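# Observations on the three-dimensional arrangement
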Amino acid sequence: MTDAEAALSEVLAWVRDVTPSSPALGPITGIRDSELKQLARLGALLRARVDGAIPTSLVAALTPDSEIDTQDDVLAAFDALIAEDAVVHLADLYAAIVSPAKRRPLGTFFTPREYAQAIVDGFASRHQAPSVIVDVGAGVGIFSEIARSKWPNACIQAIDVNPLTLGLQAVAASETTQSNVQLILADYRCWLDSNQPTTPTLYLGNPPYTRWQLLDSEVRVDLLKAANGLVGARANLSTLFLAMTLAKLRAADSLAMIIPAGWMRADYGQQLRRRLRALTLRQISLRLADSWRFHEAIVDAVLVEVGPESSVVQPIEVSDWSGSERLSL
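Reference entry: report on the structure contained in this document. (Residues numbered from 1 in each chain as written. Predicted model: local features only at pLDDT ≥ 70, side-chain atom pairs only at ≥ 80, totals over all residues. Heavy atoms only, no water.)

Within the fold, Asp69 resides in the loop between α3 (56-61) and α4 (72-97). Here Asp69 falls in the exposed class, since its relative accessible area comes to 66%. On a C-alpha basis, the gap between Asp69 and Arg41 in space is 8.8 Å, while along the polypeptide they are 28 residues apart. (Helix = DSSP H or I, 4+ residues; strand = E, 2+ residues; numbered from the N terminus. Buried < 20%, exposed > 50% of the residue type's maximum accessible area, 1.4 Å probe, protein only.)

Bringing the nonpolar core into the picture now. Note on soluble globular proteins: their nonpolar side chains tend to be buried together. Core analysis: the largest hydrophobic core is formed by 69 residues, its most contacted members being Leu39, Leu90, Leu93, Leu164 and Leu204. Here this core gets 13 residues from one element, more than from any other, and that element is α4. With sequence-adjacent residues up to four places away left out, Leu39 is seen in contact with Leu25, Ile28, Ile31, Tyr94, Ile97, Val98 and Leu164. Of all hydrophobic cores here, the second largest spans 41 residues; its members include Tyr188, Tyr203, Ala266 and Leu276. (Core = buried A, V, L, I, M, F, W, Y, C linked by side-chain atoms within 4.5 Å. Contact = heavy atoms within 4.5 Å.)

We now examine the pairing of strand β1 (residues 132-136). The buried fraction of β1 is high, at five of five residues. The side-chain alternation of β1 yields two buried faces, one formed by Val132, Val134 and Val136 and the other by Ile133 and Asp135. Relative to strand β2 (residues 155-160), β1 is paired through five bridges, and the arrangement is parallel. In the sheet register, Ile133 faces β2, and the bridge partner there is Ile156. Each parallel crossover has a hand, and for β1 linked through helix α7 (residues 142-150) to β2 it is right-handed. Strand direction decides the pairing type here: β1 and strand β4 (residues 201-205), joined by four bridges, are parallel. (Pairing = 2+ DSSP bridges. Right-handed = clockwise from strand over helix to strand, strands pointing away.)

Here we come to the packing of α4 against helix α8 (residues 163-173). α8 packs onto α4 with a crossing angle of 155° between their chain directions and a minimal axis gap of 10 Å. Regarding the angle of α4 to α8, the classification is roughly antiparallel. Relative to α8, the crossing made by α4 is left-handed. Of α8, the residues touching α4 (which contributes Phe78, Ile82, Ala86, Val87, Leu90 and Tyr94) are Leu164, Thr165, Leu168, Val171 and Ala172. Residue composition of the contact of α4 with α8, grouped by class: 10 nonpolar, one polar and no charged. (Axes fitted to C-alpha atoms, helices over the stretch in contact; angles between N-to-C directions. Parallel < 35°, antiparallel > 145°, perpendicular 65-115°, else oblique. Left-handed = near helix turned anticlockwise from the far one by under 90°. Nonpolar A, V, L, I, M, F, W, Y, C, P; charged D, E, K, R; others polar.)

So yeah, pure geometry; function would need other evidence.
This is how it looks when you write it as structure tokens:
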């Protein structure tokens, strides 16, 4: 057992040591009471390491209905866990607490570092550095971490509706001296409607993968409205996020999102495909990945990259993930 594995085991044992009377966090979509008690203990560890350095709304969301005393030996194990690779080990910690079935309503599945790095490097090789980067459904912050390294002068806005994963990102970010990441606890649809940046912006990341059937009926209506007719009913949340972002994209903006590939052939994606074909002044790349693994989830995925507008007609390029098979349209 490695030091990180031993630390993870110790932290998990303490987090799982709950009773019926243990403090709990407020409701989180898809999470049961017993898991909310465990997440309250995880929240106590997060607040012990970042309290005062994160938004007050996030502190409030991580604070349970009564006090939890954190033990020095558990805090020491938590520190050891994040010392080696904070983003990866904190993702493992959350995944060990909340089962895949419970993470599906919020679409919380984590992107491996090598894939996120390839997405950022690919965009950087084709386009100029953005002024603002919006990490869509930021999770524990793998895209924020890589973007911060690639574009140190950019302002990074990490947006997520899940306070626990955003709190985990706050802990991971505390390991670096760079402070150009702004943590935003918000529903992305609502944020995009009223907080769009005014400078060249890259919308980046792995939006939450939640099936249409798992979305509340009222939420579905709002999401379809935000997508501005670009997708129809039965679209998963990732595709809805892509559509609503594309609908808001200004001439200087761009996006790079890895999402399930179903929209490329489904009826609900017909208008989205049509919109992409109509963006003739933008360089568009569709990079296909079969059996893409997001921790426990395996899906056929596609990286959708849409560049800023130019003055000349640009191609649509379709390729496999390795780039060995490529078609320019």
